[in-house]
Amino acid sequence: FPDTNSIKSGLGYLDSALNIEMNKYPLPRKEIAATYNNIGAGYFNLHQFEKSYEFYTKSYEIKKSLKPIDQRDLGIALGNIAAAHASLAKEHNQKAINYALGEYDILKTHYPNNYEALTLNLTNLSVIYLRTGNRDSANYYFSLAEISSYKLPYNHAYRQNVEKKKKEYFSK
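Residues numbered from 1 in each chain as written. Predicted model: local features only at pLDDT ≥ 70, side-chain atom pairs only at ≥ 80, totals over all residues. Heavy atoms only, no water.

1. Looking at the packing of aromatic side chains
Defined as follows: Between 30 and 60 degrees the pair is tilted, below 30 it is stacked and above 60 it is edge-to-face, where a pair is any two Phe, Tyr or Trp rings, Trp via its six-membered ring, whose centres lie within 6.5 Å. In this description a helix means any DSSP run of H or I spanning at least four residues, a strand means any run of E spanning at least two, and both kinds are numbered starting from the N terminus. Think of it in three bands: residues with accessible area under 20% of the maximum for their type are buried, residues over 50% are exposed, and the middle band is partly exposed, with areas taken using a 1.4 Å probe on protein chains only. In this analysis the charged atom, NZ for Lys or CZ for Arg, is taken to sit over a ring once it is within 6 Å of the ring centre and within 35 degrees of the ring normal.
Taken as a whole and assessed by the stated rule, the structure comprises six aromatic pairs. Judged by centre distance (6.1 Å) and plane angle (85°), the ring pair of Y104 and Y141 falls under edge-to-face. A residue pair is termed long-range when its members are at least 10 positions apart, and Y104 in helix α5 (residues 93-110) and Y141 in helix α7 (residues 135-149) qualify at 37 residues. Here the two residues Y104 and Y141 agree in accessibility, since each one is buried. Members of the aromatic cluster, joined through ring pairs, are Y104, Y129, Y140 and Y141. Looking at R29, its charged tip hangs above the ring of Y25, at a distance of 4.1 Å from the centre. Taking the ring centre of F55 as reference, the NZ or CZ of K58 above it sits at 5.1 Å.

2. What about α7?
Because an α-helix completes one turn every 3.6 residues, residues spaced three or four positions apart along the sequence face the same direction. Using the following cut-off: Each helix should span, by expectation, one fewer than its residue count multiplied by 1.5 Å. In this description, contact between two residues means that some pair of their heavy atoms is separated by no more than 4.5 Å.
Helix length check: α7, at 15 residues, gives a terminal C-alpha distance of 20 Å against a target of 21 Å (1.5 Å per residue), a fit within 8%. Considering only its buried residues, α7 is in contact with α5, α6 (115-132) and α8 (157-170).

3. Quick look at the pattern of salt bridges
This is how the line gets drawn: Here a salt bridge means any side-chain nitrogen of Lys or Arg lying within 4 Å of a carboxyl oxygen belonging to Asp or Glu.
Applying the stated criterion across every chain yields a total of seven salt bridges. With a closest N to O distance of 3.7 Å, D105 and K108 form a salt bridge. Of this pair, D105 and K108 both sit in helix α5, separated by three residues, roughly a single helical turn. Looking at K108, the relative accessible area reads 44%, which means it is partly exposed. As a salt-bridge pair, E146 and K166 come within 2.9 Å of each other at their nearest N and O atoms. Remark: K166 occurs in helix α8 and E146 occurs in helix α7; sequence separation between them is 20 residues.

4. Points about the nonpolar core
The condition is simple: Think of a nonpolar core as a cluster: buried Ala, Val, Leu, Ile, Met, Phe, Trp, Tyr and Cys residues, connected wherever their side-chain atoms sit within 4.5 Å.
Counting 20 residues, the largest nonpolar core has Y104, L122, L125, Y129 and Y141 as the members making the most contacts within it. Here this core takes seven residues from α6, the largest share from any one element. Core analysis: the next-biggest nonpolar cluster, separate from the first, contains 12 residues, L11, I32, A33 and Y36 among them.

5. Description of the packing of α6 against α8
Quick note on the threshold: Orientation is described by lines fitted to C-alpha atoms, with helices fitted over the stretch in contact, and by angles between N-to-C directions that extend from 0 to 180 degrees. Orientation labels follow simple angle bins: below 35 degrees gives roughly parallel, above 145 gives roughly antiparallel, 65 to 115 gives roughly perpendicular, and whatever is left gives oblique. Helix crossings get a hand from a simple test, with the near helix turned counterclockwise from the far one by less than a right angle marking a left-handed crossing and a clockwise turn marking a right-handed one. Any residue that is not Ala, Val, Leu, Ile, Met, Phe, Trp, Tyr, Cys, Pro, Asp, Glu, Lys or Arg is counted as polar, Gly included; the first ten are nonpolar and the last four charged.
Their axes nearest at 10 Å, the elements α6 and α8 cross at an angle of 15°. The angle between α6 and α8 places the two elements in the roughly parallel class. Handedness of the α6/α8 crossing: left-handed. Note on element contacts: α8 touches α6 through Y158, N161, V162, K165, Y169 and F170, opposite E116, T119, L120, T123, S126, V127 and L130. Broken down by class, the residue content of the contact of α6 with α8 amounts to seven nonpolar, four polar and two charged.

As structure tokens, this is what we get:
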């Protein structure tokens, strides 16, 4: 993982790139949305989740306005916003769930065979539901994550993550 100084340096370069893009292109542009997303990722890695949420949301708003809408990009944006909310205080859990469910709807409708994305999304949903104390929903989404993970190679990181979460959260 990059160190804090590398991330901060990268954010400086991304900010410069964003300024150039904003002056060069009219909104909405996929390139600008991608830069907002990358800035959001930088802040996420610095654990500055409010700022991460701000930039992920800007990226999402642009992606939502592009025609034709790229459903995969929109789903990724919703997943990123969900992750930022889930990393904030407990009162953000319901918002995290709503965004993660939005991503899930896109995945199951447009990408039902993308088992990597489905497994990650469903695992994250189950963990967020556990944080809210809703064990029934957590179990439901975790069982879907498990089913999806079986479509991945045994040594795949997301499948291993499901096994780890099962031991950590659901074997008690």
